[in-house]
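A look at the structure
Chain residues, written in single-letter form:
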Amino acid sequence: MSGQFLHYAAVTAVMNVAIWGAAAWAGPQDVVQLRGDVAAGAQSVNIADLEAIGLAEAETFNPHEASAGQYAGVWLTDLIEAFGTGQTQNVTLTAIDHYQAQFSRQEWQEMEVLLATRANGKFLEFETRGPMRVVIADYDETKRLHQETVAKWVWMITEIEFQD
């Protein structure tokens, strides 16, 4: 291996431990922040509480990994029903690196948007782009809407903002 790669790997490992701690992104205790027009003033929720809404499973093709996988998590529609105000029109998902994707009501009604917390039976960890990631369960590369929303397959989600 090159010295440059080893340096990158060492710096990344140190940064991960410094920022997230040794047990970073390890499972059901991980917390996602809730913002915006949230029912009952919820501020944050852990993965176990999210999964308690109703754990759903889907096997689908992941265009970013060019492979099929088995995912489990919460349907975006169920999350909005549980934490939205009933008037939610948009949901913005923010990743650890501040990358954002917004889903409109029309999109989550036309696509099966799963907020995956597990892949192939295991909780998503930092190394597997956890604690939560977007998966379009009914992904079909021939559908225009699915083509337009490939960039919305956000991973490492740390914040969800509800907008009325």
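Here we summarise the structure given alongside this text. (Residues numbered from 1 in each chain as written. Predicted model: local features only at pLDDT ≥ 70, side-chain atom pairs only at ≥ 80, totals over all residues. Heavy atoms only, no water.)

1. Side note on the overall build of the protein chain
- Assigned secondary structure in the protein chain consists of five helices and ten strands.
- With 164 residues in all, the protein chain has 41% of them scored as buried.
- Sequence-distant contacts, at least 24 apart, represent 61% of the contacts inside the protein chain between residues at least 6 apart.
- Total accessible area on the protein chain is roughly 8,700 Å²; 51% of this is exposed by carbon and sulfur atoms. (Helix = DSSP H or I, 4+ residues; strand = E, 2+ residues; numbered from the N terminus. Buried < 20%, exposed > 50% of the residue type's maximum accessible area, 1.4 Å probe, protein only. Contact = heavy atoms within 4.5 Å. Areas by Shrake-Rupley, 256 points an atom, 1.4 Å probe, with all protein chains shown as cover.)

2. Comments concerning the pattern of salt bridges
- Here the structure, examined in full by the defined rule, presents four salt bridges.
- Here Glu107 makes a salt bridge to Lys152, at a shortest N to O gap of 2.8 Å. Of this pair, Glu107 sits in helix 4 (residues 105-110) while Lys152 is found in the loop between helix 5 (144-148) and strand 10 (157-163), placing the two residues 45 residues apart along the sequence.
- A residue is classified by how much of its surface remains accessible, and Lys152, at 17% relative accessible area, is buried.
- Close ionic contact of Glu148 with Arg144 constitutes a salt bridge, the shortest N to O distance being 2.8 Å. Of the two residues, Glu148 and Arg144 both sit in helix 5, four residues apart, roughly one turn of that helix.
- Using a relative accessible area of 63% as the deciding quantity, one classes Arg144 as exposed. (Salt bridge = Lys/Arg side-chain N within 4 Å of Asp/Glu carboxyl O.)

3. Thoughts on the packing of aromatic side chains
- Tallied over the full model, the rule gives one aromatic pair.
- Geometrically, the ring pair formed by Tyr139 and Trp153 is edge-to-face, given 5.7 Å between the ring centres and 90° between the ring planes. Residue Tyr139 is located in the loop between strand 9 (133-136) and helix 5, and its partner Trp153 is located in the loop between helix 5 and strand 10; the two are separated by 14 residues in the primary sequence. By the burial criterion, Tyr139 is buried, and Trp153 matches it.
- Seen from the ring of Trp155, Arg129 lies directly overhead, with NZ or CZ sitting 4.2 Å from the centre.
- Here the basic side chain of Lys152 rests over the ring of Phe103, its NZ or CZ set 5.3 Å away from the ring centre. (Phe/Tyr/Trp six-rings, centres within 6.5 Å; stacked < 30°, edge-to-face > 60°. Lys NZ or Arg CZ within 6 Å of the ring centre and 35° of its normal.)

4. A look at the sheet that holds strand 6 (residues 100-104)
- Read across the sheet, five strands follow the order 2-1-10-5-6 without closing on themselves; strand pairing throughout is mixed. Of all the strands in the sheet, the pair left with one neighbour each is strand 2 (44-46) and strand 6. This sheet shows a mean twist of 20° between the axes of neighbouring strands, independent of strand direction. (Pairing = 2+ DSSP bridges. Axes fitted to C-alpha atoms, helices over the stretch in contact; angles between N-to-C directions.)

5. Here's the deal with the pairing of strand 9
- Residues of strand 9 alternate between two faces, with Arg133 and Val135 on one and Val134 and Ile136 on the opposite face, all of them buried.
- Looking at chain direction, strand 7 (residues 113-119) and strand 9 are connected through four bridges and run antiparallel. Looking at strand 9, one finds that Leu115 is bridged to Val134.

6. A short note on the environment of Asn46
- Structurally, the position occupied by Asn46 is in strand 2.
- Discounting residues that sit within four places of it in the chain, Asn46 has contacts with Pro28, Gln29, Asp30 and Val31.
- In terms of polar contacts, Asn46 uses its side chain to reach the backbone amide nitrogen of Asp49, at 2.7 Å. (Polar contact = N/O pair within 3.5 Å; in protein donor to acceptor, adjacent residues only side chain to side chain.)

7. Examining unusual backbone geometry
- Backbone torsion omega between Gly130 and Pro131 reads 20°, so that peptide bond is classified as cis.
- With respect to the helices and strands, the residue Pro131 is situated in the loop between strand 8 (122-123) and strand 9.
- A positive phi angle is found at Asn120, which is not glycine, with a value near 50°.
- In this structure, Asn120 sits in the loop between strand 7 and strand 8.
- Among the residues examined, Asn120 registers a relative accessible area of 57% and is labelled exposed.
- Unlike most non-glycine residues, Met156 shows phi in positive territory, near 55°.

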